[in-house]
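# Structural characterization, general
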Amino acid sequence: MTGTVYKSTGSWYTVKSHTGDIYDCRIKGKFRLKGIKSTNPIAVGDIVDFEVETLDNVTTGVIHHIHDRKNYIVRKSVNLSKQTHIIAANIDQVFLLITINNPPTLTSFIDRFLVTAEAYSIKTVLLFNKIDVYDADTILEVRYLASIYRAIGYECIGISAETGKNIDKVKNLMLGKVSMFAGHSGVGKSTLVNALEPTLDLKTKAISSQHMQGQHTTTFAEMFDLSFDARIIDTPGIKGFGVVDMEKEEIGDYFPEFFALKQDCKFNNCLHIEEPKCAVKAALDRDEIAFSRYRSYVQIIEGEDEHYRTDIWDKD
């Protein structure tokens, strides 16, 4: 049988067959010996072949084949810098939720996420959440940040999962697609999903006042079928995002505003750091490229990601 992985808990997988039946499946033992560098050889969104077996009146499945992935979002694994963790596969688009405070989303995190999405040609929409509770100065900060990313070509939407502002816009973008929701713990992913589909009633928790971080409600990535011809993948909150499997020479290609200028650099393999007659640095000097974006790029190039390497999938 063939089906789609809807949930992964590490050792068991919830698979929905193409006929609509749900099976609890495990992996055939040899899977982990095939040189797959990720800590999870199967991810939510994977298309898999499995065999059904019944033992003591309990029917389960055994996954024996993974179909080729259209794409996936990957990050550095927990405390294992040479391994990766595949967050989800076969995604049509990602909604990255951003909050200015309570908790803060840093531009370095946004940029690392966008670089990975660009590398796998996954459309990303930036959702600036909680705009109903921001004061005038914070709203100006939202507008400034959104202007940076809109100028690059990213769609940015100010939303309130609590009041429902612009939720219809998000719904329209989701029609007929598999959308992944991502962001730090506490940015409102589960609240947004509940606003889109109240019958799901996903768990939400308040922000920790001590650390201004979310108290983590989603432990595993999980896919849900929605009533309006859409599927979502809700993911655990991410503290940091380590970029993997990229050569220094290609990282600039995943910054669209850098890539657009690349042909004007003196050297074909320009890293936009120390090289003379660099079009990217010239544009930076003219304020045509945001300094925050260039800073993120340099940090990735120089491997300044120690705290990203030790970050964790947050758990309850």
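Coordinates for the structure precede this section.
The following paragraphs examine the structure supplied in this document.

How each quantity is defined
Residues numbered from 1 in each chain as written. Predicted model: local features only at pLDDT ≥ 70, side-chain atom pairs only at ≥ 80, totals over all residues. Heavy atoms only, no water. 1 Å grid on protein atoms, 1.4 Å probe; cavity = no way out; pocket = protein on both sides within 12 Å on 5 of 7 lines; lining within 4 Å. Points joined across faces, edges and corners; volume = space filled by probe spheres on them. Helix = DSSP H or I, 4+ residues; strand = E, 2+ residues; numbered from the N terminus. Nonpolar A, V, L, I, M, F, W, Y, C, P; charged D, E, K, R; others polar. Buried < 20%, exposed > 50% of the residue type's maximum accessible area, 1.4 Å probe, protein only. Contact = heavy atoms within 4.5 Å. Salt bridge = Lys/Arg side-chain N within 4 Å of Asp/Glu carboxyl O. Core = buried A, V, L, I, M, F, W, Y, C linked by side-chain atoms within 4.5 Å. Axes fitted to C-alpha atoms, helices over the stretch in contact; angles between N-to-C directions. Parallel < 35°, antiparallel > 145°, perpendicular 65-115°, else oblique. Left-handed = near helix turned anticlockwise from the far one by under 90°.

Moving on, we get to empty space enclosed by the protein. Summed over all chains, the structure comprises 1 cavity of 30 Å³ or more. In this structure, the largest cavity spans a volume of roughly 50 Å³. Of all the elements in the fold, those that place two or more residues in the lining of the largest cavity are helix 5 (248-251) and helix 6 (256-259). The residue inventory of the lining of the largest cavity, partitioned by class, reads 5 nonpolar, 2 polar and 4 charged.

What follows covers helix 8 (residues 291-301). With 8 of its 11 residues buried, helix 8 lies for the most part within the structure. Here helix 8 has its buried residues at Ser 292, Arg 293, Tyr 294, Ser 296, Tyr 297, Val 298, Ile 300 and Ile 301. In the core, the buried residues of helix 8 are packed alongside helix 1 (107-119), helix 2 (136-152), helix 5, helix 6 and helix 7 (279-285). Once helix 8 finishes, Gly 303 follows within two positions and takes phi at roughly 75°, a positive value.

Moving on, we get to the pattern of salt bridges. Applying the stated criterion across every chain, the model contains 9 salt bridges. The salt bridge involving Arg 69 is made with Asp 46; its shortest N-O contact spans 2.7 Å. One end of the pair, Arg 69, is in the loop between strand 5 (58-66) and strand 6 (72-77); the other, Asp 46, is in the loop between strand 3 (22-27) and strand 4 (47-55), with 23 residues separating them in the sequence. With relative accessibility at 27%, the residue Arg 69 sits in the partly exposed group. The partner of Asp 111 in a salt bridge is Arg 293, and the shortest N-O contact between them spans 2.9 Å. Of this pair, Asp 111 sits in helix 1 while Arg 293 sits in helix 8, and the two are 182 residues apart along the sequence.

In this section: unusual backbone geometry. A cis amide bond links Asn 102 to the next residue, Pro 103, at an omega of 0°. Turning to its location among the elements, Pro 103 is positioned in the loop between strand 8 (93-98) and helix 1. Residues other than glycine seldom take positive phi values, yet Lys 277 does so here, at roughly 50°. Within the fold, Lys 277 resides in the loop between helix 6 and helix 7.

Attention now moves to helix 4 (residues 189-196). Helix 4 sits mainly inside the fold: 6 of its 8 residues count as buried. Among the residues of helix 4, Lys 189, Ser 190, Leu 192, Val 193, Asn 194 and Leu 196 are the ones counted as buried. Where helix 4 is buried, its residues meet strand 8, strand 9 (123-128), helix 3 (167-174), strand 11 (178-182) and strand 15 (230-234).

Turning our eyes to something else, we now look at the environment of Gly 20. Within the secondary structure, Gly 20 is located in the loop between strand 2 (13-17) and strand 3. Sequence separation between Gly 20 and Gly 3 is 17 residues, and the spatial gap between their C-alpha atoms is 8.6 Å.

On to the nonpolar core, then. With 35 residues, the main nonpolar core has Tyr 149 and Met 180 as its most contacted residues. Element by element, the count of residues in this core is highest for helix 2, at 6 residues. Grouped together as the second largest cluster of nonpolar side chains are 22 residues, Phe 258, Leu 261, Cys 265 and Cys 278 included.

The next thing to look at is the environment of Ile 42. Mapping Ile 42 onto the fold places it in the loop between strand 3 and strand 4. Look at Ile 42 and you get buried, because its relative accessible area is 0%. Considered as a pair, Ile 42 and Ala 88 are 46 residues apart in the sequence and their alpha carbons are 8.9 Å apart. Once you skip the residues sitting within four places of it in the chain, Ile 42 turns out to touch Val 5, Ser 8, Tyr 13, Ile 27, Val 48, Ile 63, Ile 66 and Arg 69.

Here we take up the packing of helix 1 against helix 8. Running from N to C, helix 1 and helix 8 point in directions that differ by 65°, and their axes come no closer than 9 Å. When the interaxial angle is binned, helix 1 and helix 8 end up roughly perpendicular. With respect to the hand of their crossing, helix 1 and helix 8 are arranged in right-handed fashion. In contact with Thr 107, Ser 108, Asp 111, Arg 112, Leu 114 and Val 115 of helix 1, helix 8 contributes Ser 292, Arg 293, Arg 295, Ser 296, Gln 299 and Ile 300.

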